[in-house]
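Commentary on secondary and tertiary structure
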Amino acid sequence: MGVFQPVQDDHRSLEGRIVSYIRDLVEQGVLTPGERLPPERELAAQLRVSRTALREALHTLAALGLVEARHGRGVFVVGGSLQATAQRLSLALEARETEEESVARIRQLFEIRRVLEGAAAEWAAQRAQPEQIAEMQAVLARDRALRTAEEVDRTLISELDGQLHALIAASTANRLLVLLMASLLDELATARSRSLALPERIRRSLEQHTAIVEAIAAHDPQTARACMVAHLDDVEQAIVHSLEAQGGPAEQQTARDRGQDLPDRTVGE
């Protein structure tokens, strides 16, 4: 297969670059449903990446519903209608010019997330297999180590954040939900980046992720849903407050009129 090229270097981690590269090939139709990827060693050589990084990336892609590992047969591309779904959602959620429209877009995204991910957490608490729960706990442990490190790597934290949410969706055994989450990947990544630019979110998200995973591990659907919705509410509020604080005096006065507390002006630096 000659479609694979070395993964280009940019600001993201190696795993993140591999995920984006293979996802783009799927969405562009270069890789088609049912097509088998080259063996791990061969694919790693073509991409010029380590097998460890490739394995982590394929795991994330599987959680997002883009590829599927079939025992004894290899890794196959799945999800035929993903590209069209992604394009429609991308057009519906395309970036606007004004802060007001940006805030509206964030609110729309989080309305969708509360529906999809609230249900995902509830179903995960009912359906997640022991190995899936162990995987969530392992990602959470890596996440905790990064968030409590002396120097915080927000790029890696953002990717682990996305991986955890993808694992929760995958553990629902609901293929359509996973595809919808995958189609929102870019919008979700943008929201995560905005959230993690706020210093207080580093600690709060860790605490909230821990509560969600603990509820799933305890097979407590109601608590899992409640913890996920509370987490998303908190993230949305932080992002919206930050956007409004970055606007002019009119936007700040509007926020005060609604009784909202504005973050410190250094937030996000």
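The preceding data block contains the structure.
Let me sum up the structure you'll find in this document.

Conventions adopted
- Residues numbered from 1 in each chain as written.
- Predicted model: local features only at pLDDT ≥ 70, side-chain atom pairs only at ≥ 80, totals over all residues.
- Heavy atoms only, no water.
- Pairing = 2+ DSSP bridges.
- Helix = DSSP H or I, 4+ residues; strand = E, 2+ residues; numbered from the N terminus.
- Core = buried A, V, L, I, M, F, W, Y, C linked by side-chain atoms within 4.5 Å.
- Buried < 20%, exposed > 50% of the residue type's maximum accessible area, 1.4 Å probe, protein only.
- Contact = heavy atoms within 4.5 Å.
- Polar contact = N/O pair within 3.5 Å; in protein donor to acceptor, adjacent residues only side chain to side chain.
- Salt bridge = Lys/Arg side-chain N within 4 Å of Asp/Glu carboxyl O.

Moving on: the pairing of strand E2 (residues 74–77). Bridge count between strand E1 (residues 67–70) and E2: four bridges; the pairing is antiparallel. Considered in E2, the bridge of Ala69 is made with Val75. Between E1 and E2, which pair antiparallel one after the other, the connecting turn spans three residues, and Gly72 there sits at a positive phi close to 80°.

Here the focus is the nonpolar core. Grouped together as the largest cluster of nonpolar side chains are 65 residues, with contacts concentrated most on Ile18, Leu37, Leu47, Ile168 and Ile216. In this structure Ile168 touches Ala120, Ala121, Ala124, Met136, Ile212, Ile216 and Met228, once residues within four positions along its chain are discounted.

Below, the discussion takes up the environment of Arg107. Looking at where Arg107 falls in the secondary structure, it is placed in helix H5 (residues 99–127). Between the C-alpha atoms of Arg107 and Ile239, which are 132 residues apart in sequence, the distance is 9.7 Å. Reaching out from Arg107, the side chain makes a polar contact with the side chain of Glu236 at a distance of 3.3 Å.

This part covers unusual backbone geometry. The residue Arg48 is not glycine, and still its phi comes out positive at about 60°. Secondary-structure assignment places Arg48 in the loop between helix H2 (40–47) and helix H3 (51–63). The backbone phi angle of His219 is positive, close to 55°, even though this residue is not glycine. In this structure, His219 sits in the loop between helix H10 (199–217) and helix H11 (221–246).

The subject of this paragraph is the pattern of salt bridges. A side chain with one charge may pair with a side chain of the opposite charge, provided their charged atoms come close. Evaluated as defined, the whole model comprises 15 salt bridges. For Arg55, the salt bridge is made with Glu40, and the minimal N-O distance between the two is 2.6 Å. Here Glu40 lies in helix H2 and Arg55 lies in helix H3, a separation of 15 residues in the sequence. The partner of Glu117 in a salt bridge is Arg113, with the nearest N and O atoms 2.6 Å apart. On the criterion of helical spacing, the pair formed by Glu117 and Arg113 is a turn pair, its members being four residues apart in helix H5. Within this structure, Arg107, Arg114, Asp233 and Glu236 form a network of salt bridges that share partners.

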